[in-house]
Amino acid sequence: MVDRPLITKWEFEKEANCYNCHRVAAQKVEIVPNQAVVTCSNCGAERRYVIHEFHVASTMPDLNVDKENRKYDIWKFVKNAKCANCLKQTDQEITLDEFKGVVVCPSCLFTRIYKISVYKHTG
């Protein structure tokens, strides 16, 4: 297993309600090695997640979290990329909610967990 998760910058967009301005707008998601950032295209508000943990799981983590206590939707993405652990080119599974982000390689179960660190309004 590697000492640090090695990924290049991944970018996604998701039309969703902004936590700050509450408008439906494109939310830009950027995932880099040490953090994930969600930025609202309407007001510029940011949600930042920092790497909290990474490990190789013994079983596939349950990415279907309970939606009952959530104010916002759970976002799911797939990114075909080389795993930092097993080095296989595979579809990395990404789940992002208002509290954490999780990236999992289905080949070797290398799991990165990002936890929310700060809410910052830049607009």
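This structure is a prediction, so every number in the text was calculated from the model and none was measured. (Residues numbered from 1 in each chain as written. Predicted model: local features only at pLDDT ≥ 70, side-chain atom pairs only at ≥ 80, totals over all residues. Heavy atoms only, no water.)

1. Observations concerning the overall build of the protein chain
Scanning the protein chain from terminus to terminus reveals zero helices and eight strands. The linear arrangement of helices and strands in the protein chain, starting from the amino end, is β-β-β-β-β-β-β-β. Every one of the 123 residues in the protein chain was classed for burial, and the buried ones make up 43%. Pairs at least 24 residues apart make up 49% of the contacts formed inside the protein chain by residues separated by at least 6 positions. Element-wise, carbon and sulfur atoms account for 47% of the exposed surface of the protein chain, whose accessible area totals about 6900 Å². (Helix = DSSP H or I, 4+ residues; strand = E, 2+ residues; numbered from the N terminus. Buried < 20%, exposed > 50% of the residue type's maximum accessible area, 1.4 Å probe, protein only. Contact = heavy atoms within 4.5 Å. Areas by Shrake-Rupley, 256 points an atom, 1.4 Å probe, with all protein chains shown as cover.)

2. Brief notes about empty space enclosed by the protein
Evaluated as defined, the whole model comprises one cavity of 30 Å³ or more. Looking at the largest cavity, its volume works out to about 40 Å³. As for the largest cavity, its lining consists of Asn17, Cys18, Tyr19, Gln27, Val38, Thr39, Cys40, Ala45, Arg47 and Trp75. Secondary-structure elements contributing two or more residues to the lining of the largest cavity are strand 3 (35–40) and strand 4 (45–56). Ranked by the residues each element gives to the lining of the largest cavity, the list is headed by strand 3, at three residues. (1 Å grid on protein atoms, 1.4 Å probe; cavity = no way out; pocket = protein on both sides within 12 Å on 5 of 7 lines; lining within 4 Å. Points joined across faces, edges and corners; volume = space filled by probe spheres on them.)

3. Brief notes about the pairing of strand 3
Among the six residues that make up strand 3, six are buried, leaving the element largely enclosed by the rest of the structure. In strand 3, alternate side chains face the same way, and those of Gln35, Val37 and Thr39 on one face and Ala36, Val38 and Cys40 on the other are all buried. Here six bridges tie strand 2 (residues 24–32) to strand 3, and the two strands are oriented antiparallel to one another. Bridged to Lys28 within strand 3 is Thr39. Pairing of strand 3 with strand 4 involves five bridges; the strand directions are antiparallel. Each residue of the ladder has a partner; that of Val37, found in strand 4, is Arg48. In this structure, the hairpin formed by strand 3 and strand 4 is closed by a connection of four residues, where Gly44 is found at a positive phi of approximately 85°. (Pairing = 2+ DSSP bridges.)

4. Quick look at the packing of aromatic side chains
Enumeration according to the criterion identifies two aromatic pairs in this entry. Above the face of the Trp75 ring, Arg47 is positioned so that its terminal group lies 5.3 Å from the ring centre. (Phe/Tyr/Trp six-rings, centres within 6.5 Å; stacked < 30°, edge-to-face > 60°. Lys NZ or Arg CZ within 6 Å of the ring centre and 35° of its normal.)

5. What about the side chain of Thr39?
Looking at where Thr39 falls in the secondary structure, it is placed in strand 3. The exposure class assigned to Thr39 is buried, which follows from its relative accessible area of 18%. Excluding residues within four positions of it along the chain, Thr39 makes contact with Ala26, Gln27, Lys28, Gly44, Ala45 and Glu46.

6. What to know about the confidence of the model for the protein chain
Per-residue pLDDT for the protein chain has a mean of 83; in total, 82% of the residues score no lower than 70. Summarising per-element confidence for the protein chain, the mean pLDDT is lowest in strand 8 (residues 110–121) (75) and highest in strand 2 (93). (pLDDT = per-residue confidence, 0-100.)

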